Amino acid sequence: MKKAIWQDLWQGMQGREQTIALRCGDQAVTVQDFFQEILRAEAGLRRLGVGPGDLVTLITLSTPEAVAAFYAIDRIGAVANWVDLKLSAAEVAPYLEQAGSKVVLVLEIAFAKVYENRGETPAEHFVVLPLDAYLPAEIQEKLRIGSWQAKKGPDCLSWQEFLAPPGAASPDQTRWQEPAAITYTGGTTGPAKGVMLSRRAFHTSLTQYTKAGREYGAGGASLVLLPIFAAFGLCQCIHVPLCLGMTVILSPLFQPHQLGQLLRQYRPEQVCGTTSYWQLLLQDAWATQGDLSFLKVPRCGGDTLTGALEERLNAFLAQRGSPGTIVKEYGMSEVAGIVCISDETCRAGDVGRPLPGCRILAVDPETGVVCPPQVQGELIIQNETVMNGYYAQPQADAQVLRPGPDGTLWVWTKDLGHTTADGRVVVTGRKKRMISRNGFKIFPSVIEEGLLSHPQVAACAVVGGHTETGEVTPVAHIVPAQGSDVRTLEKELRTLAKKTINAYMLPGIYRFRQDLPLTDRGKLDYLALEREQEPQTP
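Residues numbered from 1 in each chain as written. Predicted model: local features only at pLDDT ≥ 70, side-chain atom pairs only at ≥ 80, totals over all residues. Heavy atoms only, no water.

Asker: Help me out: how do you make sense of the sheet that holds strand 26 (residues 472-480) in this one?
Answerer: Sheet strands pair by backbone hydrogen bonding; their relative direction is either parallel or antiparallel. Here we have three strands laid out as an open sheet, ordered 25-26-27, and mixed in their pairing. The sheet is open, and its two edges are formed by strand 25 (457-466) and strand 27 (509-512), each paired on a single side. Strand-to-strand, the axes of this sheet are offset by a mean angle of 25 degrees, without reference to chain direction. The pairing of strand 26 with strand 27 spans four bridges and is parallel. Its bridge partner being in strand 27, Val 475 is matched across the sheet by Ile 509. Each of strand 25, strand 26 and strand 27 is contacted by helix 15 (residues 486-500), which is oriented at about 140 degrees to strand 27, the strand it contacts most. (Pairing = 2+ DSSP bridges. Helix = DSSP H or I, 4+ residues; strand = E, 2+ residues; numbered from the N terminus. Axes fitted to C-alpha atoms, helices over the stretch in contact; angles between N-to-C directions. Contact = heavy atoms within 4.5 Å.)

And the structure:
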């Protein structure tokens, strides 16, 4: 059945009007109040002239107002254009120009850099989303919350000024195939591109997740660590849990080291995080001693989770009383986030099975011929969640949307991996991350898997670099466990690598550090690591 995004939300929360839909900071929003906020935001958008097909740009973090605005935009049949809040004023301008948005919704801490572009873009109205209610006083002072008011012009509205009494206009139910949201790729391996996602994609994802049965479900609470402007964060971390009757806990200013603190504060049954976030939990002072018996569904998407780290995390969760094991999820923005999820039959090292109705194959990257089970190829995906294309970049579509072995269009992921005889999917690495050394192809994930098996390695990432003589070599960035002697650990890692990794894959350089750089989506920032590389003698 074809349903709008807002219709799935209304249906999923029917009869739950007095329960909590959203939590943020110390604030709680009931379903009834949430619905009312959506309707008032819809009326506010219509009053500003927003109609079906119009792009409304949102430059914000995950707050209740941002979530309400998303559903309000969908009720009109307009398009939510999600732009990364961390972009500079100069970087924001092209997004506003390209989208042609007359209405921009911006979080107050980003207002100054966005408003700086007024008159140079089509934007006519700036709606400022509040943050004060969700922050303690000392953080408000540090961020100068409320200071935007001094720069407010006649084209600016606070959120409360923007809201309007619900009108009699009928919500849109017709735009099924057209774009409903534009989210931008993370840019971890290249420039960000706008992914156009339809109502079909959102509804299909909800249907597939419901059939898979891996969400905690109604009555539970789900802590969201991913930003709302990412496809995974918007669709599977916020929309799907809400439609299944869960309370969604938002953390707009989340920092990775705060995971233990948030678990202690909210005690959620479900957490939506990335590999890097879960890895940091292993080093959290509270979590290493605390009770995690409330945590039933620890979800993990984003970066590939190595088998060694998965086993370590599951052992850690069991020791802390959690009845759940890591639920692995795999996907990409171009398929509305997640299309593959693990179940109880999956094993360490795989990323699960395709969601019901989704097809994932490994094919020869050159010929497109399907690879037999266990044979590595490029992973390709076919699903009803596939994007409409890249916004304003049709030339880029052909690089990803290409004919598969059956002649129909598939998403070519640029991820390397294989399928198994029983239908599981294994991801071994990204084509762009592959290191070429003396004619040999080296996949960093293989090295990372071996190094993470050492108990004194808290985290690691491998990228290509050069020695002092200019020779290409894998560079292993290591975060040692607390109390480790770095010199001793390096000797042990070199010995371990020689025993577990082929000689041509051996890292020539080991660098020890306190932490690894992360993107604002919780993924390892491999580009940042590559930029750090300088010639060095191994």
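Asker: Quick question: what am I supposed to make of helix 1 (residues 5-12) here?
Answerer: In an α-helix, one turn spans 3.6 residues, which is why side chains three or four residues apart end up on the same side. Those residues of helix 1 not exposed but buried are Ile 5, Trp 6, Gln 7, Asp 8 and Leu 9. In the core, the buried residues of helix 1 are packed alongside helix 2 (31-47), helix 3 (64-76), strand 8 (179-184), helix 8 (199-212) and helix 9 (231-243). (Buried < 20%, exposed > 50% of the residue type's maximum accessible area, 1.4 Å probe, protein only.)

Asker: Help me out: how do you make sense of helix 12 (residues 307-319) in this one?
Answerer: When the terminal C-alpha atoms of helix 12 are compared, their 18 Å separation across 13 residues agrees well with the 18 Å that a helix rising 1.5 Å per residue should span. Of the residues making up helix 12, those classed as buried are Gly 307, Ala 308, Leu 309, Glu 310, Leu 313, Asn 314, Phe 316 and Leu 317. On the buried face of helix 12, the contacting elements are helix 11 (275-281), strand 13 (297-301), strand 14 (327-332) and helix 14 (444-452). Once helix 12 finishes, Gly 321 follows within two positions and takes phi at roughly 90 degrees, a positive value. (Expected span 1.5 Å × (residues − 1).)

Asker: Any chance you could explain the environment of Leu 107 here in plain terms?
Answerer: For Leu 107, the position within the fold is in strand 5 (residues 103-107). Among the residues examined, Leu 107 registers a relative accessible area of 0% and is labelled buried. The spatial distance from the C-alpha of Leu 107 to the C-alpha of Ala 66 is 8.6 Å, given a sequence separation of 41 residues. Leaving out residues up to four positions away in the same chain, Leu 107 has contacts with Ile 59, Thr 60, Leu 61, Thr 63, Leu 85, Leu 129, Pro 130 and Leu 131.

Asker: Sorry, what's going on with the packing of aromatic side chains here?
Answerer: As enumerated under the stated definition, the model contains 13 aromatic pairs in all. Geometrically, the ring pair formed by Phe 254 and Tyr 277 is edge-to-face, given 5.0 Å between the ring centres and 80 degrees between the ring planes. Of the two residues, Phe 254 sits in the loop between strand 11 (247-250) and helix 10 (259-266) while Tyr 277 sits in helix 11, which places them 23 residues apart along the sequence. Per residue, the accessibility class of Phe 254 equals that of Tyr 277, and both read buried. Each residue in the set Trp 6, Trp 10, Phe 34, Phe 35, Phe 70, Tyr 71, Trp 82 and Phe 202 is aromatic and connected to the rest through ring pairs, giving one cluster. Geometry around Trp 6 places Arg 75 over its ring, the cationic atom sitting 4.6 Å from the centre. The residue whose ring lies beneath Arg 402 is Trp 412, and the NZ or CZ to ring-centre distance is 3.9 Å. (Phe/Tyr/Trp six-rings, centres within 6.5 Å; stacked < 30°, edge-to-face > 60°. Lys NZ or Arg CZ within 6 Å of the ring centre and 35° of its normal.)

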